[in-house]
Amino acid sequence: MRKLTEINWFNDEYLRVYEIVNVENRMPPLDEIYVLDDYDVESLQIIPRDTVMAFALPSRNTERQYVWFRYEPPGLSTFAHEMIHLAKKFKELNDEVYAYNLAPLVTILAERNIIPKRNVLRLFEDLNLNVLSKKITQYFHVNSIEELFLALGVVPYFTTLNDGKVTIRKGYTEDDIVIGTMTELIAAARYDDSIFNFILQMLNDETIGPISMS
């Protein structure tokens, strides 16, 4: 195994990914992150499926945190995904909800050399539906989240389209709607600068709570 800081490809955009996920001190120190070699994985009797490009073995009770990549250097989004797995979380969500849905945003920020004031994980932890609805109506000049989806031409899993109208299905929680909405916006942000700038604005103002340095 090797320290992440000792690997020659860990620089530039990869370092920015770490810095972005580490905003507000969410990550373990860099010198505590180790990259497993294939023989380390074998010794742990782990057999990754052929479709698995990487995995993380986060631990809160050790000074060492481990990641493994099938190929090095890994794709930037793959690296972002695993760094998110190592980050502190303050909401009881499936870890893949964080990693899978937020890695594309971290990747875009790293590629554009932008480190926001607030951690991207806050978009799923602190943002409530009332605030998100108000921000969307003000920024996009629409009357509701549903109207924004109609304008974007998307019908998320928690909505339905009938007679040219998008409505939110019954039975979905506020968290479902907030996380689902932000996930759709993140997916569109790579192709639409106005959506990217909306998300960045959310991360750079006080919408999603005060900055915590703890």
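The following paragraphs examine the structure supplied in this document. (Residues numbered from 1 in each chain as written. Predicted model: local features only at pLDDT ≥ 70, side-chain atom pairs only at ≥ 80, totals over all residues. Heavy atoms only, no water.)

**Some points on the overall build of the protein**
Test applied: Only DSSP runs of H or I with at least four residues qualify as helices, and only runs of E with at least two residues qualify as strands; both kinds are numbered from the N terminus onward. For a compact globule the rule gives 2.2 Å times the number of residues to the power 0.38, and the radius of gyration it is set against comes from C-alpha atoms. In this scheme, a residue with accessible area under 20% of its type's maximum is buried, one over 50% is exposed, and one in between is partly exposed, where area comes from a 1.4 Å probe on protein chains only. It only takes one pair of heavy atoms within 4.5 Å for two residues to be counted as in contact. Surface accessibility in these figures is a Shrake-Rupley result with a 1.4 Å probe; residues are shielded only by whichever protein chains are displayed. In this tally, Asp and Glu contribute negative charge and Lys and Arg positive charge; neither His nor the terminal groups of the chain are included. Just so you know, the charge point we use is NZ for Lys, CZ for Arg, CG for Asp and CD for Glu.
When helices and strands are tallied, the protein shows nine helices and six strands. Over its C-alpha trace the protein gives a radius of gyration of 19 Å, about what one expects of a compact globule, namely 17 Å for 214 residues. The principal-axis extent of the C-alpha atoms belonging to the protein is close to 55 × 35 × 30 Å. Residues classed as buried in the protein amount to 44% of the 214 residues present. Relative to all contacts within the protein whose residues are 6 or more apart in sequence, the contacts with residues 24 or more apart total 65%. Roughly 11,100 Å² of accessible area belongs to the protein as shown, and the carbon and sulfur atoms make up 48% of that amount. In the protein, 21 side chains carry a positive charge and 32 a negative one; their mean positions are 4 Å apart.

**Regarding a nonpolar patch on the surface**
Heads up, the condition is: Residues enter patches when they are more than 30% accessible in relative terms and free of salt bridges; like-charged ones are connected within 9 Å and nonpolar ones (Val, Leu, Ile, Met, Phe, Trp, Tyr) within 5 Å. Here, a salt bridge means any side-chain nitrogen of Lys or Arg that lies within 4 Å of a carboxyl oxygen of Asp or Glu.
Side chains of L150, V155 and L161 sit close together on the surface and give an oily, nonpolar patch of about 250 Å² of accessible area. Structurally, the position occupied by L161 is in strand β5 (residues 159-162).

**With respect to the packing of helix α3 (residues 76-86) against helix α4 (residues 95-111)**
For any two helices packed against each other, one specifies the inter-axial angle together with the distance between the axes. Here is the rule: Lines fitted to C-alpha atoms define the axes here, with helix axes fitted over just the stretch in contact, and angles between the N-to-C directions of these axes take values from 0 to 180 degrees. Angle categories are assigned with fixed cut-offs, so that under 35 degrees is roughly parallel, over 145 is roughly antiparallel, 65 to 115 is roughly perpendicular, and the rest are oblique. Take the far helix as the reference: if the near one is turned anticlockwise from it by less than a right angle, the crossing is left-handed, and if turned clockwise, right-handed. Polarity classes work like this: nonpolar for Ala, Val, Leu, Ile, Met, Phe, Trp, Tyr, Cys and Pro, charged for Asp, Glu, Lys and Arg, and polar for all others, with Gly in that last group.
Put simply, α3 and α4 touch, their axes get as near as 8 Å, and they point 130 degrees apart. Taken together, the axis directions place α3 and α4 in an arrangement best described as oblique. Here the hand of the crossing between α3 and α4 comes out right-handed. Between α3 and α4, the contacting residues are L76, S77, A80, H81, I84 and H85 on the first element and D95, E96, Y98, A99, Y100, L102, A103, V106, T107, A110 and E111 on the second. Here the contact of α3 with α4 is composed, by residue class, of 10 nonpolar, four polar and three charged.

**Focus on the packing of aromatic side chains**
For any pair of aromatic rings, the description rests on two quantities: the centre-to-centre distance and the angle between the ring planes. Condition: Stacked, tilted and edge-to-face are the three classes assigned to paired rings of Phe, Tyr and Trp, where Trp is represented by its six-membered ring and a pair needs centres within 6.5 Å; plane angles under 30 degrees give stacked, over 60 edge-to-face, the rest tilted.
Enumeration according to the criterion identifies 16 aromatic pairs in this entry. Aromatic pair F140 and F198: ring centres 5.0 Å apart, planes at 55 degrees, arrangement tilted. Placement of F140 in helix α6 (residues 129-140) and of F198 in helix α9 (residues 193-204) is noted, with a sequence separation of 58 residues between them. A residue is classified by how much of its surface remains accessible, and F140, at 17% relative accessible area, is buried. By relative accessible area, F198 is classed as buried at 0%. Joined through ring pairs, the aromatic side chains of W9, F10, Y14, F69 and F79 make up one cluster.

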